[in-house]
Amino acid sequence: MRHGSIPGTRGRVRPVTLLGDPVLHTPCEDVTDFGPELAQLVEDMFATMYAARGVGLAANQVGVASRVFVYDCPDDEDVRHLGHVVNPRLVEADGVVLRGPEGCLSLPGLEAGTERYDHAVVEGFTVDGEPVSVRGTGWFARCLQHEYDHLEGGLYVDRLSGWRRRRAMRQAARASWGR
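Residues numbered from 1 in each chain as written. Predicted model: local features only at pLDDT ≥ 70, side-chain atom pairs only at ≥ 80, totals over all residues. Heavy atoms only, no water.

Asker: Just to check I follow, could you spell out the overall build of the chain for this structure?
Answerer: Of regular secondary structure, the chain possesses 3 helices and 5 strands. Counting from the amino terminus, helix and strand elements in the chain follow one another as α-β-β-β-β-β-α-α. Expected size for 179 residues packed as a compact globule is a radius of gyration near 16 Å; at 16 Å, the chain falls within 12% of this value. Each of the three principal axes of the chain carries a C-alpha extent, and together these read 45 × 35 × 30 Å. In the chain, which comprises 179 residues, the proportion classed as buried is 47%. Look at the contacts in the chain between residues 6 or more apart in sequence, and 65% of them connect residues 24 or more apart. Here the chain has roughly 9200 Å² of accessible surface; of this, 51% comes from carbon and sulfur atoms. (Helix = DSSP H or I, 4+ residues; strand = E, 2+ residues; numbered from the N terminus. Rg over C-alpha atoms; globule rule 2.2 N^0.38 Å. Buried < 20%, exposed > 50% of the residue type's maximum accessible area, 1.4 Å probe, protein only. Contact = heavy atoms within 4.5 Å. Areas by Shrake-Rupley, 256 points an atom, 1.4 Å probe, with all protein chains shown as cover.)

Here it is as structure tokens:
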């Protein structure tokens, strides 16, 4: 039997910000108030992530420039990782660099081979202000790095170069949401 509520069940689905919105390209601000507004934001982010069928979501992807992300993501052994981090710091990103498919709810329908480390550690706080450390490998490490990049004002396409970047930007320009 599961104790507590399922994340997002008390949240509302918010519109996802899309490539080109300035909030996605600006570093987010630290959270200083760990009150009910933050708790509601996290609930809304889970609801939005699930509605969009994502595995992670950063606050700026729902138009809020705060350092918060949520995740429900498996690792390479198909172990589920579920949680959130407030004011995260990427304290480790190491191991083998792998190029793998990466998409983003702010670029719906697009994907590109993106290089990421296969190990990452993020430290921060829970919605209640308790310290938390999240360690990921494989696919989950990719997710942690991806969401952290969002809070720094970056998108996975910013990590692309050459023909991969040109192709991704052409696809974004042609997408129905990119017009």
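Asker: Help me understand the layout of surface pockets in this model?
Answerer: A probe as big as a water molecule, rolled over the atoms, marks out the empty space that is left. In this structure, the largest pocket spans a volume of roughly 300 Å³. Considering the residues around the largest pocket, the lining is formed by 17 residues, among which Gly54, Val55, Gly103, Cys104 and Trp139 are closest to the centre. Breaking the lining of the largest pocket down by element, the ones donating at least two residues are β3 (80-103) and α2 (138-151). The leading source of residues in the lining of the largest pocket is α2, at 5 residues. Class assignment of the residues belonging to the lining of the largest pocket gives a composition of 7 nonpolar, 5 polar and 5 charged. (1 Å grid on protein atoms, 1.4 Å probe; cavity = no way out; pocket = protein on both sides within 12 Å on 5 of 7 lines; lining within 4 Å. Points joined across faces, edges and corners; volume = space filled by probe spheres on them. Nonpolar A, V, L, I, M, F, W, Y, C, P; charged D, E, K, R; others polar.)

Asker: What should I look at first to understand the UniProt feature "active site" (unreviewed entry) in the chain in this one?
Answerer: UniProt marks Glu147 with the feature "active site" (unreviewed entry), using the numbering shown here. Locating Glu147 in the fold gives a position in helix α2. When its relative accessible area of 3% is taken as the criterion, Glu147 is described as buried. Excluding residues within four positions of it along the chain, Glu147 makes contact with Gly56, Leu57, Ala58, Gln61 and Phe69. (UniProt positions renumbered as here; feature names shortened; annotations may be inferred.)

Asker: What's the story with the packing of aromatic side chains in this structure? I'm lost.
Answerer: The description of an aromatic ring pair rests on the distance of the ring centres and on the angle between the ring planes. Per the counting criterion, the structure on display carries 4 aromatic pairs. When the ring of Phe34 is compared with that of Phe125, the centres are 6.3 Å apart and the planes differ by 75°; the resulting orientation is edge-to-face. A residue pair is termed long-range when its members are at least 10 positions apart, and Phe34 in the segment before α1 (36-51) and Phe125 in strand β4 (residues 111-125) qualify at 91 residues. On the accessibility criterion, Phe125 (33% relative accessible area) is partly exposed. For the pair Phe69 and Tyr71, a centre-to-centre distance of 6.2 Å together with 55° between the ring planes defines the contact as tilted. Judged by relative accessible area, which is 6%, Tyr71 ranks as buried. Cluster of aromatic residues (ring-pair linked, three or more members): Phe69, Tyr71 and Phe140. (Phe/Tyr/Trp six-rings, centres within 6.5 Å; stacked < 30°, edge-to-face > 60°.)

Asker: Got a minute to help me understand the sheet that holds strand β5 (residues 131-137) in this structure?
Answerer: Hydrogen bonds between backbone atoms are what pair the strands of a sheet, whose relative direction is either parallel or antiparallel. Taken in spatial order, the 5 strands line up as β1-β2-β3-β4-β5 in an open sheet, and their pairing is antiparallel. In this open sheet, the two edge strands, each paired with only one partner strand, are β1 (56-58) and β5. Between one strand axis and the next, the sheet turns through 30° on average, direction left out of account. Alignment of strand β2 (residues 68-74) against β3, held across 7 bridges, turns out to be antiparallel. (Pairing = 2+ DSSP bridges. Axes fitted to C-alpha atoms, helices over the stretch in contact; angles between N-to-C directions.)

Asker: Just checking my understanding: could you explain the side chain of Glu43 for this structure?
Answerer: Its location among the elements puts Glu43 in helix α1. Here Glu43 is buried and forms no salt bridge, its nearest opposite-charge partner Arg10 lying at an N-O distance of 4.1 Å. Glu43 has contacts with Ile6, Pro7, Gly8, Thr9, Arg10 and Gly11, leaving out every residue within four places of it along the chain. (Lys, Arg positive; Asp, Glu negative; His and termini not counted. Salt bridge = Lys/Arg side-chain N within 4 Å of Asp/Glu carboxyl O.)

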